[in-house]
Amino acid sequence: MGSLVPFQDLNLCPEPPLPATVNISTSATPSATINRTTTFNFLTPKIEPKQEPFDEPTPTQTIHQQENFLFSVSNSTPDFIPNPETTPPANASSSADDQNALYSEYFRISELFRSAFAKRIQKYGDVEVLDPDSRAIVPVPEQSQLTPETSPTDGSNLERALSVVVSRKKAGRSNELVRVTNLGIDDQRHFRDLVRRTRMMYDSLRVLVISEEEKRTGPGNGRRARGDLRAAAVMRDRELWLNRDKRIVGAIPGIEIGDVFFFRMELCVVGLHGQIQAGIDTLPASQSSSGEPIATSIIISGGYEDDEDSGDSIIYTGQGGQDKFGKQCMHQKLEGGNLALERSMHYGIEVRVIRGFKYENRVSGKVYVYDGLYKILDCWFDVGKSGFGVYKFRLSRIEGQPEMGSSIMKFAESLRTKPLSTRPMGYLTLDISMKKERVPIFLYNDIDNDHDPMYYDYLVNTVFPLNVFGQGSNSTGCDCVSGCTEGCFCAMKNGGDFAYDYGGILLRGKPVIFECGNFCQCPPSCRNRVAQHGLRNRLEIFRSRETGWGVRSLDLIQAGAFICEYAGVVLTRDQAEVFKMNGDTLIYPNRFSERWAEWGDLSRIFPEYVCPSYPSIPPLDFAMDVSRMRNVACYISHSSSPNVLVQCVLYDHNNLMFPHLMLFAMENIPPMRELSIDYGVADEWTGKLSICN
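Counting restarts for each chain: residues are numbered from 1 in the order of the written sequence. Owing to the predicted nature of the model, reporting of local features is limited to residues with pLDDT of at least 70; listing and counting of side-chain atom pairs is limited to 80 or more, with chain, interface and lining totals taken over all residues. Hydrogen atoms and water are omitted, and side-chain values are computed over all heavy atoms in the structure.

### What to know about the overall build of the protein
Applicable threshold: Strands are runs of DSSP state E lasting at least 2 residues, helices are runs of H or I lasting at least 4, and numbering of each runs from the N terminus. The contact criterion used throughout is that any non-hydrogen atoms of two residues lie within 4.5 Å. Note on areas: Shrake-Rupley, 1.4 Å probe, and residue coverage restricted to the protein chains presented here.
Counting its secondary structure elements, the protein contains eleven helices and 26 strands. Looking at the protein alone, contacts between residues at least 24 apart form 72% of all its contacts between residues at least 6 apart. Accessible area of the protein: about 31,700 Å², with a carbon and sulfur share of 52%.

Right under this line is the structure:
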């Protein structure tokens, strides 16, 4: 693994120099040239965070207050709002500063009053007392840990476990700037897997929190649960946030250009951007030995009218001077994030750029895409569109990086609507399923003359032996006429709870999932009917020089969402032996790795968490013939770190010996990124099954 290389001090540092054994790797200006006269006071800058729109749903003032309590820490320089740097000095001369100081004093006194007198007035009403050393939103019992007798799968126990007290003693972010260099292949895989598992844990916890909230209030009743905030708070309390011990400048190990995030809080969890609303992430001046802040990342999401974004080149407007409606109402100042960007330009330090934009999805209404590293080339003061002075920064994308994720998403969008005009050459067919699927499946090859996928009959669903459907299928359905609810017959078959939330997202993997079937009275819109509805996303089978035939999506696939079925003709053991002798291509489902156990695994959060073992399923003792009939899933590549899992599902029969093999996303899969499965056993030369080569 490459070393974590500390930056040399960017200014004249009064502290002792770094040890001689530390390798310095930076292009900063020598300290002799840093001494210069300036008119700005860098010691106590007033930071006005560049405010960006919140993730949907639009938060109320209550949400703001919750975030302030949720993420405040006790050290002198907390990194989340509220930040001491956002509070003007008490001796400020301006009226705005006096008003802010008055508000701060009011809240301080009100909290002291609550702590001192709440116990005395409890007899007059239901008044709960908060621990003065706590930063919890609500008081929680002292016994907050699960006991061996409790289980996170139980709703009430889970809710108690999620009532997290975020201690004031939690350490804040480090003030040490480092750049990670010279990572080997094994190191890259390690960090990528670490980020993947952290994001999987965050997504699993987020959907679980929302599901528990919907159990109490029902879908769509009351204010929507902010699962993104709750999940981030729990993970922070368990010290599961990444890159907290160092402030990384440049690329974050394990995060690839093009990675997509649905929530700002997820950016904080993985360490890509450390501010929950501010558009500029900085090392504050108060944490710098000489009082100069340094910018590490920015978010462009349309929060300022003077921003100009042309992809590789950006005119970025500084922060400050806006009213509560997002309109420029006063001149900006060269302080806070603006000063940090100017200092980063002066020292030649690159910044990470994340783009946020609206995207049609059922999660948040907006996505954030990491687009790589940019250099700050110029800074000037200009008159904005509103007539007020603003600071502008010219950024240019560093060459040699992969294509921007935002550009790929725009390209995929054009492919969905007008594929032939976007890519005139290479399409073999615009729907290999011949309208058998709900959405078309493209077949694309611009490399060679291989047309192999066109020679097979397309199979939508798995073909089972006829005797499978005759074993105990009658009178096994539920009687929920208007839709299944908790406690119905099908829920009991799944262990007392459904496997999906109301949006069709897999809550946690299980050995097998029972969906409502033909003998159930519930409508097709029932929450327990997900995988049986078939393909939702527009997929493309494509030819690749690296992986032979592969599959990618033209849509953004959310983590936990259903993708498609792995379809073939089911053969018994005796039949498989005969077909194998004929040289036919067979798939053995019992060789698939049990990646379903990773989705929803909260053992790092709840030590007593036990992987679901009910409903149980016997070992899969059958094969699938895909030598004549197959579907799009048969062309998905193999990977030891897959982004797709295999989940056994039953809905049209109850024979546990022959389940459907359904594929779900293990992470957010951006458009045009190849899908991969852990087949367990694959070709040792190419790393994937022979049918795909």
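So that's the structure; there's more coming.
### Digging into helix α7 (residues 337-347)
Defined as follows: Type-normalised accessible area, obtained with a 1.4 Å probe on protein chains alone, sets the label of each residue: buried when under 20%, exposed when over 50%, and partly exposed for intermediate values.
With nine of eleven residues buried, α7 lies mostly within the body of the structure. If you check which residues of α7 are buried, you get Gly337, Asn338, Leu339, Ala340, Leu341, Glu342, Arg343, Ser344 and Tyr347. In this fold, the buried residues of α7 make contact with β5 (280-283), β6 (294-300), β8 (313-317), β10 (366-383) and β11 (389-397). Positive phi shows up at Gly348, right after α7, with a value of about 70°.

### Some thoughts on the pattern of salt bridges
So the rule is basically this: When a carboxyl oxygen of Asp or Glu is within 4 Å of a side-chain nitrogen of Lys or Arg, the pair counts as a salt bridge.
The final tally for this structure, using the stated rule, is 28 salt bridges. Between Asp193 and Arg196 there is a salt bridge, and its shortest N-O distance comes to 3.0 Å. Taken together, the residues span about one helical turn, with Asp193 and Arg196 both in helix α4 (residues 185-217) at a distance of three residues. Two residues, Lys392 and Asp382, come together in a salt bridge whose shortest N-O distance is 3.6 Å. Of this pair, Lys392 sits in strand β11 while Asp382 sits in strand β10, placing them ten residues apart in sequence. Classification of Lys392 by relative accessible area gives buried; the value is 8%. Look at the salt bridges and you will find they share partners, linking Asp193, Arg196, Arg197, Arg595, Glu598 and Asp678 into a network.

### Points about unusual backbone geometry
Cis geometry is found at the peptide bond from Tyr614 to Pro615, where omega equals 0°. Structurally, the position occupied by Pro615 is in the loop between β20 (586-587) and β21 (623-625). Positive phi, close to 65°, is recorded for Lys435, a residue that is not glycine. Mapped onto the secondary structure, Lys435 falls in the loop between β12 (427-429) and β13 (442-444). Residue classification places Lys435 among the exposed residues on the basis of a relative accessible area of 76%. At Met672, a position not held by glycine, the phi torsion is positive, near 70°. Looking at the secondary structure, you find Met672 in the loop between β25 (660-665) and β26 (676-677).

### Here we look at the side chain of Lys493
Which entries qualify depends on this criterion: In this charge count, Lys and Arg are treated as positive and Asp and Glu as negative; neither His nor the chain ends contribute.
Here Lys493 is to be found in helix α10 (residues 489-493). One buried charged side chain, Lys493, makes no salt bridge at all; its nearest oppositely charged neighbour is Asp652, positioned 11 Å away. Ignoring sequence-local partners within four residues, the contact set of Lys493 consists of Thr476, Phe514, Tyr614, Pro615 and Asn654.

### Topic: the nonpolar core
Counted only if it meets this: The term nonpolar core refers to a set of buried residues drawn from Ala, Val, Leu, Ile, Met, Phe, Trp, Tyr and Cys, joined through side-chain atoms within 4.5 Å.
Within the largest apolar cluster, 46 residues are counted, with the highest numbers of intra-cluster contacts made by Ile541, Ile563, Tyr566, Leu663 and Ile677. Of all elements in the fold, only β16 (539-544), β17 (548-553), β18 (562-565), β24 (644-650) and β25 reach the threshold of two or more residues within this core. Top element by residues in this core is β24. It accounts for four residues. Residues within four places of Ile563 in sequence aside, it is in contact with Leu535, Arg536, Leu539, Ile557, Val644, Leu663, Phe664, Ala665, Ile669 and Leu675. By size, the runner-up hydrophobic cluster in this structure holds 29 residues, among which are Tyr202, Leu229, Val234 and Val269.

### A word on the sheet that holds β16
Inclusion rule: Each pair of strands is called paired provided DSSP finds at least two bridges between the two strands. Inter-axis angles, ranging from 0 to 180 degrees, are taken between N-to-C directions of lines fitted to C-alpha atoms, where helices are fitted over the stretch in contact.
What the four strands build is an open sheet, ordered β12-β13-β16-β17; its pairing is mixed. The sheet is open, and its two edges are formed by β12 and β17, each paired on a single side. Put simply, the sheet's adjacent strands are angled 30° from each other on average, direction ignored. Relative to β16, β13 is paired through three bridges, and the arrangement is parallel. Paired with Leu443 across the strands is Ile541, a residue of β16.

### Thoughts on the state of the cysteines
Here is the rule: Cysteine sulfur atoms are paired as a disulfide whenever they fall within 2.5 Å.
Following the criterion strictly, the structure yields zero disulfides and no others. Unpaired in terms of disulfides, Cys526 finds its nearest cysteine sulfur in Cys484, a separation of 3.5 Å.

### A closer look at the confidence of the model for the protein
Going by this rule: As a per-residue measure, pLDDT reflects the predictor's confidence and takes values from 0 up to 100.
On average, residues of the protein score 78 in pLDDT, and 71% of them reach the 70 mark or higher. Within the model, pLDDT remains below 50 along residues 5-48, and this stretch shows 76 contacts once partners closer than five positions in the same chain are excluded. The model gives residues 121-151 a pLDDT under 50, and that stretch makes 40 contacts with residues more than four places away or in other chains.

### Some details on the sheet that holds β18
Two pairing modes exist for strands in a sheet, parallel and antiparallel, and in both the strands are linked by backbone hydrogen bonds. Across the sheet, four strands lie side by side as β15-β24-β25-β18; this open sheet has mixed pairing. Here the strands that pair on one side only, and so sit at the sheet edges, are β15 (513-514) and β18. Pairing geometry for β18 and β25, over three bridges, is antiparallel. Each bridged residue has a counterpart across the sheet, and for Phe562 the counterpart in β25 is Phe664.

### Examining the packing of aromatic side chains
Between two aromatic rings, the relevant description is the distance of the centres plus the angle of the planes. What counts is decided by this rule: Two aromatic rings, drawn from Phe, Tyr or Trp (for Trp, its six-membered ring), form a pair once their centres lie within 6.5 Å of each other, and the interplanar angle then sorts them: stacked below 30 degrees, edge-to-face above 60, tilted otherwise.
Counting across every chain of the model gives ten aromatic pairs. Look at Tyr427 and Tyr444: their rings are 5.2 Å apart centre to centre, the planes differ by 65°, and that puts the pair in the edge-to-face class. With Tyr427 in strand β12 and Tyr444 in strand β13, this pair connects stretches of sequence that are 17 residues apart. Look at Tyr427 and you get buried, because its relative accessible area is 14%. A residue is classified by how much of its surface remains accessible, and Tyr444, at 7% relative accessible area, is buried. Between Phe592 and Tyr679, the aromatic rings sit 5.5 Å apart at their centres with planes inclined by 35°, giving tilted as the arrangement. Of this pair, Phe592 sits in the loop between β20 and β21 while Tyr679 sits in the segment after β26; the two residues are 87 residues apart in sequence, bridging distant segments of the chain.

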